[in-house]
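Residue strings, one per chain:
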Amino acid sequence: MNSQSAFVDAISNAATGPDAAEKVAARLEKFIADWGGPPPWIDSIESGAIDFLYNDDDLTIVHIVWPPHLITEPHNHSMWAAIGLYQGRENNILWRRNDTSIEPCGAKTIVAGEACWFDKDAIHSVHNPVDGLTGAIHVYGGDFLNANNVEWDQLTLTERPRNIAVQQAKFANS
Ligand SMILES: [Fe+2]
């Protein structure tokens, strides 16, 4: 289970049925416990990045390295998501739609060694609150690259399409 392809196979096998997100999160937690750090097919992590490990119509697996203190816009993936951390922390603010835009409705924080999942309607903004890099595997229950992802402007909370290439550049250049 130390190769990237074996990892992708194991996650794909778990990503089935109505409880796919929960099963993938549990499997991510197990892998991360076994790794005890970054995935074994990666020598080291040195800077922010969003790297796609796998993508098809039903599943997308992403390795994400968060630069210190980076925060994302509130966004919705339009598909379930399972998130596991092997280093650092992710602080999530949870939002819900209201008549005109969105409003905060909760928070969730996860730390290295933990995994969580969100359903397809979840809206979150994510912050790496630590001085160092945060390392994570994010798994999405669909074609993340071609979905109708939306985000909300940080200041005005105006909805707009989410551009993944813009996010990749933001992570790489922070
Ligand atoms: Fe997200």
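We now turn to the structure provided with this report. Computed from a predicted structure; not experimentally measured.

Definitions and limits used
Residues numbered from 1 in each chain as written. Predicted model: local features only at pLDDT ≥ 70, side-chain atom pairs only at ≥ 80, totals over all residues. Axes fitted to C-alpha atoms, helices over the stretch in contact; angles between N-to-C directions. Helix = DSSP H or I, 4+ residues; strand = E, 2+ residues; numbered from the N terminus. Parallel < 35°, antiparallel > 145°, perpendicular 65-115°, else oblique. Left-handed = near helix turned anticlockwise from the far one by under 90°. Contact = placed C-beta atoms within 7 Å. Nonpolar A, V, L, I, M, F, W, Y, C, P; charged D, E, K, R; others polar. Buried ≥ 20, exposed ≤ 12 C-beta atoms within 10 Å, placed from the backbone.

1. Brief notes about the packing of helix 1 (residues 4-14) against helix 2 (residues 20-35)
In step 1: Their axes nearest at 8 Å, the elements helix 1 and helix 2 cross at an angle of 150°. It follows that helix 1 is roughly antiparallel to helix 2 by the angle criterion. In this structure, helix 1 meets helix 2 at a crossing whose hand is right-handed. Of the residues in helix 2, those in contact with F7, A10, I11 and A14 of helix 1 are K23, V24, R27 and F31.
In step 2: Considered class by class, the residues forming the contact of helix 1 with helix 2 number 6 nonpolar, no polar and 2 charged.

2. Looking at the environment of Y86
In step 1: The topology assignment puts Y86 in strand 4 (residues 81-87).
In step 2: Exposure remark for Y86: the 24 C-beta atoms within 10 Å place this residue in the buried category.
In step 3: Considered as a pair, Y86 and A115 are 29 residues apart in the sequence and their alpha carbons are 9.2 Å apart.
In step 4: With near-sequence residues (within four places) excluded, Y86 lies in contact with I32, W35, G37, P38, A112 and G135.

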